[in-house]
Amino acid sequence: MRGLKEKRVLITGGATGIGAATAARFLEEGSRVVVLDCDDEGCRRIKKELPGLAGTICADVSNKEEVDRAFQELDGLLKGLNVLINNAGISLRKPFVDITLDDWCRVMDVNLKGVFYVAQQAARLMDEGEGGVILNMGSTNALVGSHYYASYNASKAGVVELSRSMALELAPKIRVNVVCPGFILTVMQKAEYTPKMLRTCEGKVPLGRLGSPDEVSALFAFLASDDAKFITGQYFVIDGGEIAGGLASQK
Ligand code: NDP
């Protein structure tokens, strides 16, 4: 990809899954990458797996004080920021009537408030510098309803609308887009889905399989690159065709 070499990149939730694959991809592109994650052990592990990282920061994106402290640390590590991959998120599978207020708040705190806190800090930093790119993590769950994910779906729909508003206000110096994956096989999925559920998911995907974290990281790299410099305020679905048929896709 053009224009990623030496770019300063922050990836939240980068200790595992899609975030870790994205950290590896940006390192391959010659970027300077810092991973932020609430999993201390995961931060240590990824630093060993990807020795080229410029650093790791242990922080919870849903906690404003921790995000403020993380950006002070980031300043020491990168002295500015060109690309934010705002990826950290959690999922909750529960029937709508059983979702407690605590469940609801936790999902919103991480997936929407966390995205907001981190994006706001990043935008200020990019605005003081040469501008940049913010890529927020959505989901196909932001775009179509699904059983048992009401809080998750609402949080991700919020990310899409937040991102469009940010794109309008932050242009032309900062581009903002959203990546909306479908089923991507990560720890998050393996923890929630039985093998039978995974096979059912595969059956819903026209391309006949779940996606891989590498495939999502390639989309992040493209959207952050100069090849995408006329693209802002959009969401990009990467789902093997799962939601292409609208209602017809629901099996
Ligand atoms: P994983 O659970 O594999 O990785 C997420 C990472 O983020 C973990 O290291 C996790 O730490 C960390 N994290 C969780 N909460 C916080 C927090 N409050 N602050 C900082 N770090 C945190 O997830 P995936 O890679 O599967 O998903 C990444 C993103 O992609 C999420 O936003 C998810 O909603 C989205 N997505 C994923 C899809 C999929 O099919 N996998 C599909 C569509 C969207 P810990 O392990 O300690 O919780």
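This text goes with the structure placed above it.
Residues numbered from 1 in each chain as written. Predicted model: local features only at pLDDT ≥ 70, side-chain atom pairs only at ≥ 80, totals over all residues. Heavy atoms only, no water.

Asks: Explain the packing of helix α1 (residues 17-28) against helix α8 (residues 213-224) to me, and be specific about the residues and the numbers.
Replies: Contact pair α1 / α8: the axes reach a minimum separation of 8 Å and the direction vectors enclose 55°. Judged by the inter-axis angle, α1 sits oblique to α8. For α1 against α8, the interelement crossing comes out right-handed. Residues G17, I18, A21, T22, R25 and F26 of α1 form the contact with α8, whose own contacting residues are P213, D214, V216, S217, A218, F220, A221 and A224. Partitioning the contact of α1 with α8 into residue classes produces 9 nonpolar, 3 polar and 2 charged. (Axes fitted to C-alpha atoms, helices over the stretch in contact; angles between N-to-C directions. Helix = DSSP H or I, 4+ residues; strand = E, 2+ residues; numbered from the N terminus. Parallel < 35°, antiparallel > 145°, perpendicular 65-115°, else oblique. Left-handed = near helix turned anticlockwise from the far one by under 90°. Contact = heavy atoms within 4.5 Å. Nonpolar A, V, L, I, M, F, W, Y, C, P; charged D, E, K, R; others polar.)

Asks: Go over the pairing of strand β5 (residues 132-137) with me, naming the residues and quoting the values.
Replies: Within β5, 6 of the 6 residues are buried, which leaves the element mostly enclosed by the surrounding structure. Here β5 shows two buried faces, one formed by G132, I134 and N136 and the other by V133, L135 and M137. Bridge analysis of strand β4 (residues 83-86) against β5 gives 4 bridges, and the strand direction is parallel. From the neighbouring strand, L84 faces β5, where its bridge partner is I134. A crossover links β4 with its parallel partner β5, the connecting element being helix α4 (residues 101-128), and its sense is right-handed. Pairing between β5 and strand β6 (residues 174-181): 6 bridges, direction parallel. Residue pairing for β6: M137 is matched across the bridge by V179. (Buried < 20%, exposed > 50% of the residue type's maximum accessible area, 1.4 Å probe, protein only. Pairing = 2+ DSSP bridges. Right-handed = clockwise from strand over helix to strand, strands pointing away.)

Asks: So what's going on with the state of the cysteines? Residues and values would help.
Replies: Applying the stated rule across the entire model yields 0 disulfides. Looking at the unpaired C38, the closest cysteine sulfur is the one in C58, lying at 6.9 Å. (Disulfide = S-S within 2.5 Å.)

Asks: Outline the nonpolar core, listing residues and values.
Replies: Residues L10, F71, L74, L81, L84 and I134 are the most contacted members of the largest nonpolar core, which totals 27 residues. Elements with a minimum of two residues in this core: β2 (32-37), α3 (64-78), α4, α5 (150-170) and β6. At 8 residues, the largest contribution of residues to this core is made by α4. If we ignore the near neighbours within four places in the chain, the residues touching L84 are L10, T12, V118, A119, A122, M126, V133, I134 and L135. Counting residues in hydrophobic clusters, the runner-up holds 26 residues, among them L4, I18, V133 and A228. (Core = buried A, V, L, I, M, F, W, Y, C linked by side-chain atoms within 4.5 Å.)

Asks: Describe the packing of aromatic side chains, naming the residues involved and giving the relevant values.
Replies: Two aromatic rings are characterised by how far apart their centres lie and by the angle between their planes. Following the criterion strictly, the structure yields 3 aromatic pairs and no others. Taking the centre distance of 5.8 Å and the plane angle of 40° together, the rings of F116 and Y117 count as tilted. Judged by its relative accessible area of 34%, F116 is partly exposed. Residue Y117 is classed as buried on the basis of its relative accessible area, which comes to 16%. (Phe/Tyr/Trp six-rings, centres within 6.5 Å; stacked < 30°, edge-to-face > 60°.)

Asks: Hey, could you go over the packing of α4 against α5 for me, with residue numbers and the actual values?
Replies: Interaxial distance between α4 and α5 falls to 8 Å at its minimum, and their mutual angle equals 15°. Taken together, the axis directions place α4 and α5 in an arrangement best described as roughly parallel. The chirality of how α4 crosses α5 is right-handed. Counted together, W104, V107, M108, N111, L112, V115, F116, A119 and A123 of α4 and A150, S151, Y152, A154, S155, K156, G158, V159, L162, M166 and L170 of α5 form the full contact between these two elements. Of the residues assigned to the contact of α4 with α5, the class counts are 15 nonpolar, 4 polar and 1 charged.

Asks: Go over the site of the ligand with me, naming the residues and quoting the values.
Replies: Within the structure, the ligand sits among 29 residues, and D37, N87, Y152, T186 and Q189 are positioned closest to it. At 2.6 Å, a side-chain N or O of Y152 approaches an oxygen atom of the ligand. Between an oxygen atom of the ligand and a main-chain N or O atom of I184, the distance comes to 2.8 Å. For the ligand, the accessible surface in isolation is 890 Å², of which the surrounding protein chains cover 89%. Elements represented by at least two residues in the shell around the ligand include exactly α1, α4, α5 and α6 (187-192). (Near = heavy atom within 4 Å. Polar contact = N/O pair within 3.5 Å; in protein donor to acceptor, adjacent residues only side chain to side chain. Areas by Shrake-Rupley, 256 points an atom, 1.4 Å probe, with all protein chains shown as cover.)

Asks: Describe the sheet that holds β4, naming the residues involved and giving the relevant values.
Replies: Read across the open sheet, the 7 strands follow the order β3-β2-β1-β4-β5-β6-β7; overall the sheet is parallel. Looking along the sheet, the strands with just one partner apiece sit at the ends: β3 (55-58) and β7 (235-238). If you compare each strand with its neighbour and ignore which way they point, the axes differ by 20° on average. When β6 meets β7, the two strands line up parallel, connected through 4 bridges. Each bridged residue has a counterpart across the sheet, and for V178 the counterpart in β7 is Y235. Contacts from helix α2 (residues 40-49) reach β2 and β3 within the one sheet, and its direction differs from that of β3 by about 175°.

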